[in-house]
Amino acid sequence: MQKRTKHVDKRRWFIGIMACVLAVALLLPLLAYVVGPADAATQSEINKLKQNAANLDAQKKELSTKINTLSQDKEKAVEQKRALDEQNAILQSEIDNITTMIAEYARLIDEKQVELAEAERKEAVQYDMFCQRVRSMEESGIDSYAAVLFGAKDFSDLVDRVTFIQEVVEYDNNIMEMLAATRQKIADTKAELETDKQEQEAAKGKLQQKEAELEKQIQEATNLVKQMEAQSDSYQVALQQLAEEEDAISAQIDQKVAELEKQQAAARQAQSQSQSQNQSQGTTGSSSSGYLWPLGGYTSISSGFGGRTHPIAGVWRMHNGVDVPAPGGTPIRATKSGQVIVSAYGGSYGNYVSISHGGGSSSLYAHMSRRAVGAGQTVQQGQVIGYVGTTGSSTGNHLHFEIKVHGGRINPLSVF
Ligand SMILES: [Zn+2]
């Protein structure tokens with residue numbers, strides 16, 4: 001009895017040691033797997049990426065509001081396009097962000113896959129060791145658990161043997177259960193990561209859809225800008241052409257004034273040699289300072305003489321005279337006596353008349369509805385030469401009035 005008990009104690013001692021060794025060898029690394037700190041860094045990384053996504057989303061919403069406001073004003077097409085470009089840049093960051101997140105999830109899933117394989121391997125090893133232990137018991141004379149029980153010499157020995165077998169079985173069960181739990185935990189984590197990854201992939205798909213929509217919006221904004229630039233370009237070309245036309249007319253007037261004065265000087269010289277040299281002054285009888293305001297009763301100026309920013313094209317242009325609004329058909333009178341040197345129609349001036357007053361001075365009247373005098377005709381100061389209109393480059397009834405002295409335009413208001 002004493003001997004047998006000692007024999008059983010010896011076996012129990014052997015099993016106990018083996019259990020301890022196995023526990024240390026198998027359980028500790030497994031526990032480290034389950035609660036290991038390796039994931040902490042990657043989780044904070046993912047949190048950071050999620051924060052990024054939230055920030056980007058807020059920025060994008062702000063821009064959307066701005067874009068909606070801007071799209072109501074076509075003249076702000078350039079600004080609108082800039083905002084859309086900015087929004088596109090944010091969207092690209094969002095896609096980059098989410099791509100990084102997906103890659104991070106993929107990496108974690110791979111890690112879990114490796115851990116899972118390792119857990120399965122350890123389970124297999126544990127099972128293998130269990131089998132080996134059974135074999136080692138067989139080698140030490142015990143065929144099986146049943147043999148252990150049937151080999152009992154008396155009831156007390158049987159109880160010992162049952163307890164021993166229970167302990168062995170319990171130990172094996174515990175180890176196997178723990179290993180299975182670990183494997184399950186890893187599998188669960190992996191499944192969670194896969195779900196997260198799928199969510200991120202779905203979000204990425206939505207972002208890419210938005211990207212396509214935004215691309216379309218940007219294309220529309222670009223077209224609008226191009227259209228506006230083309231309009232502005234053509235407007236500037238037109239303005240340039242009008243300015244050139246006005247310059248050509250001005251040169252033509254200078255030439256005619258010079259020709260006329262030369263003729264008049266020659267005539268005077270032939271007429272009387274005895275008169276003084278002071279003959280280059282006006283031959284029409286009017287004094288050099290006596291200008292008459294061409295529009296009786298209308299003296300307000302809608303646009304003064306000098307440089308101005310064009311109201312439509314937004315470019316700086318020289319304004320060669322003054323604009324005097326008056327009802328269509330209002331008579332326009334010669335500011336001084338003289339000879340009509342031009343009475344014509346031009347794209348810029350519309351119906352216009354220019355009069356040479358002698359002494360290098362001339363005047364010009366533009367945008368008339370109708371001209372009342374012809375080139376070469378002599379006119380008296382105050383004589384009706386035409387009527388107010390809005391012909392040529394004009395947006396309303398007004399007289400455009402210029403005065404030139406020795407080839408240079410002066411501010412007409414300076415002589416009144
Ligand atoms: Zn004008």
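Residues numbered from 1 in each chain as written. Predicted model: local features only at pLDDT ≥ 70, side-chain atom pairs only at ≥ 80, totals over all residues.

(A) Spatial organisation of the overall build of the protein chain. A tally of helices and strands in the protein chain yields five helices and 12 strands. Sorting the 416 residues of the protein chain into buried and exposed places 22% on the buried side. Long-range pairs, those at least 24 residues apart, make up 71% of the contacts in the protein chain with a sequence separation of at least 6. (Helix = DSSP H or I, 4+ residues; strand = E, 2+ residues; numbered from the N terminus. Buried ≥ 20, exposed ≤ 12 C-beta atoms within 10 Å, placed from the backbone. Contact = placed C-beta atoms within 7 Å.)

(B) Broad picture of the environment of Leu-224. For Leu-224, the location among the structural elements is in helix α5 (residues 155–271). The class of Leu-224 is partly exposed, set by 17 C-beta atoms lying within 10 Å. Sequence-wise, Leu-224 and Lys-81 are 143 residues apart; in three dimensions their C-alpha atoms are separated by 9.0 Å.

(C) Fine view of unusual backbone geometry. One non-glycine residue, His-367, adopts positive backbone phi at about 65°. You can see His-367 is positioned in strand β7 (residues 361–368). Accessibility expressed as a C-beta count within 10 Å gives 26 for His-367, which makes it buried.

(D) Spatial organisation of the environment of Ala-372. You can see Ala-372 is positioned in the loop between β8 (370–371) and β9 (378–379). Expressed as a C-alpha distance, the spacing of Ala-372 and Val-384, which sit 12 residues apart in the sequence, is 6.9 Å. Setting aside residues no more than four positions away along its own chain, Ala-372 makes contact with Val-384, Ile-385 and Gly-386.

(E) Structural view of the pairing of strand β10 (residues 384–387). Sheet topology places strand β4 (residues 331–333) next to β10; three bridges connect them, and they run antiparallel. Paired with Pro-331 across the strands is Tyr-387, a residue of β10. Direction of pairing for β8 relative to β10: antiparallel, over a ladder of two bridges. The residue bridging Arg-370 from the neighbouring strand is Tyr-387, located in β10. (Pairing = 2+ DSSP bridges.)

(F) Broad picture of the nonpolar core. Ranked by internal contacts, the top residues of the largest apolar core, which has 26 residues, are Ile-332, Tyr-352, Val-353, Tyr-365, Met-368 and Leu-399. At four residues, β7 tops the list of elements feeding residues into this core. Once you skip the residues sitting within four places of it in the chain, Leu-399 turns out to touch Pro-294, Leu-295, Val-324, Ala-326, Ile-332, Tyr-365, His-367 and Val-388. Core analysis: the second largest hydrophobic core is formed by five residues, Met-101, Tyr-105, Leu-108 and Leu-193 among them. (Core = buried A, V, L, I, M, F, W, Y, C linked by C-beta atoms within 7 Å.)

(G) Structural detail: the sheet that holds β4. Across the sheet, which stays open at both edges, the three strands sit in the order β4-β10-β8 with antiparallel pairing between neighbours. Strand pairing shows two members of the sheet lacking a second neighbour, β4 and β8, which therefore form its edges.

(H) Inspection of the pairing of strand β11 (residues 398–405) at higher detail. Among the eight residues that make up β11, seven are buried, leaving the element largely enclosed by the rest of the structure. As defined by bridge partners, strand β3 (residues 322–325) adjoins β11 across four bridges and the pair is classed as antiparallel. By the bridge assignment for β11, Asp-323 is matched with His-400. Bridge count for β7 against β11 is six bridges, and the pairing is antiparallel. In the sheet register, Leu-364 faces β11, and the bridge partner there is Glu-402. Sheet topology note: the β11/strand β12 (residues 408–410) ladder contains three bridges and is antiparallel. Along β12, the bridge assignment pairs Val-405 with Gly-408. Counting the residues that bridge the hairpin from β11 to β12 gives two residues, and of these His-406 lies at a positive phi of roughly 50°.

(I) Broad picture of the confidence of the model for the protein chain. In the predicted model, the protein chain carries a mean pLDDT of 77, and 75% of its residues have values of at least 70. The model gives residues 1–6 a pLDDT under 50, and that stretch makes three contacts with residues more than four places away or in other chains. Confidence drops under pLDDT 50 across residues 274–288; counting only partners more than four residues distant or on other chains, this segment forms 23 contacts. (pLDDT = per-residue confidence, 0-100.)

(J) How the structure looks around the environment of Ala-366. Along the chain, the position of Ala-366 falls in strand β7. A count of 29 C-beta atoms within 10 Å places Ala-366 in the buried class. What Ala-366 contacts, discounting residues up to four positions off in sequence, is Tyr-349, Gly-350, Tyr-352, Gly-392 and His-400.

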